[in-house]
Amino acid sequence: MAIDGRGRILLVAALLATSVPAAAAPPVAGPEVEREVVAPEGVDFKPAATDEEGAVDRFAEYTLALARRDYAAAYAMLRPSLQASSPRFDWEADLRKRGGLWADGTIRILRLTWYLDPAGQPSGVYAAFDFRGDRKDGTMDCGYVVVHRATSAAPFTVVRTDTSEVPSDMMEDGVPKVDVLRQLPCYLGKGIATAF
């Protein structure tokens, strides 16, 4: 069955109408993302493509769940020990008090740091994502999310997060004011600019 020019336009319009808004697009770890690897002395560790894919997928699922306010889904992604130390009611209440976080944000991964078997932590591979979330009102989120996988067969779980909202009065030309930068829980690096 052939689709004429008008039919194509209607088809494209229908697809666009049902697509997810750009603000809800999953974050990606493209070549512009700064990367670092930390491993025990004498150990040669380089994360595999499947490691990065799994870690980025978990980070994206977690941040998109929070953006949708699907707290049940986000909480289910936390490592059981983090759930034990942060009962769901308290964890969710804290996020609800900070209602501006994750809302309407376009999240960009700024740096991805890999850790293999860090001292004092359960063994395995960790990926720490420093990110910036920009909103249309000129405010931004800035923080990090750390995911962990104990074995190559295990899924990544969220083990630590910290996020701050930077209100518009603390922003100047799309960038946090200098006195605010030292207080932010993320590494901005090249992400200090509004675009890569």
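Note that the coordinates shown come from a computational prediction; the quantities given were computed from them, not determined experimentally. (Residues numbered from 1 in each chain as written. Predicted model: local features only at pLDDT ≥ 70, side-chain atom pairs only at ≥ 80, totals over all residues. Heavy atoms only, no water.)

### Here we look at the overall build of the chain
Then, number 1: Within the chain, the secondary structure is distributed over six helices and seven strands.
Then, number 2: Overall, the chain shows an N-to-C arrangement of helices and strands of α-β-α-α-α-α-β-β-β-β-β-β-α.
Then, number 3: In the chain, buried positions account for 38% of the 196 residues.
Then, number 4: Long-range pairs, those at least 24 residues apart, make up 57% of the contacts in the chain with a sequence separation of at least 6.
Then, number 5: Of the roughly 11100 Å² that the chain leaves accessible, carbon and sulfur atoms contribute 57%. (Helix = DSSP H or I, 4+ residues; strand = E, 2+ residues; numbered from the N terminus. Buried < 20%, exposed > 50% of the residue type's maximum accessible area, 1.4 Å probe, protein only. Contact = heavy atoms within 4.5 Å. Areas by Shrake-Rupley, 256 points an atom, 1.4 Å probe, with all protein chains shown as cover.)

### Remarks on the sheet that holds strand 5 (residues 157–166)
Adjacent strands of a sheet pair through backbone hydrogen bonds, lying either parallel or antiparallel.
Then, number 1: Pairing is mixed across the open sheet formed by five strands, whose spatial order is 1-2-3-4-5. The open sheet has two free edges, formed respectively by strand 1 (34–38) and strand 5, since each of these has just one partner strand. Between one strand and the next, the sheet's axes are offset by a mean angle of 15 degrees, whatever the strand orientation.
Then, number 2: Bridge analysis of strand 4 (residues 140–149) against strand 5 gives nine bridges, and the strand direction is antiparallel. Bridging from a neighbouring strand, Gly 143 pairs with Thr 163 of strand 5. (Pairing = 2+ DSSP bridges. Axes fitted to C-alpha atoms, helices over the stretch in contact; angles between N-to-C directions.)

### Quick look at the confidence of the model for the chain
Then, number 1: When pLDDT is averaged along the chain, the result is 79; 79% of the residues meet or exceed 70.
Then, number 2: Mean pLDDT across the elements of the chain ranges from a minimum in helix 1 (residues 5–18), with 34, to a maximum in helix 3 (residues 71–76), with 96.
Then, number 3: The model gives residues 1–23 a pLDDT under 50, and that stretch makes five contacts with residues more than four places away or in other chains.
Then, number 4: Note on residues 192–196: pLDDT is under 50 here. Beyond four places in sequence and across chains, it has 17 contacts. (pLDDT = per-residue confidence, 0-100.)

### Notes on the nonpolar core
Then, number 1: Counting residues in each nonpolar core, the largest one holds 31 residues, and the members touching the most others are Tyr 62, Leu 66, Trp 91, Trp 114, Phe 129 and Val 147.
Then, number 2: Elements supplying a minimum of two residues to this core: helix 2 (49–67), helix 3, helix 5 (88–97), strand 2 (106–116), strand 3 (125–134) and strand 4.
Then, number 3: Top contributing element to this core by residue count: helix 2, with six residues.
Then, number 4: Residues within four places of Tyr 62 in sequence aside, it is in contact with Ala 74, Met 77, Leu 78, Trp 91, Val 145, Val 158 and Thr 161.
Then, number 5: Met 140, Val 166, Met 171 and Val 180 belong to the second largest nonpolar core, which has six residues in total. (Core = buried A, V, L, I, M, F, W, Y, C linked by side-chain atoms within 4.5 Å.)

### Focus: unusual backbone geometry
Then, number 1: Phi at Arg 69 is positive, roughly 65 degrees, even though this residue is not glycine.
Then, number 2: As for its position among the elements, Arg 69 is in the loop between helix 2 and helix 3.
Then, number 3: On the basis of relative accessible area, Arg 69 is assigned to the partly exposed category, the value being 29%.
Then, number 4: Backbone geometry at Asp 117 places phi at a positive 45 degrees, although glycine is not the residue there.
Then, number 5: Take Asp 117: it is sitting in the loop between strand 2 and strand 3.

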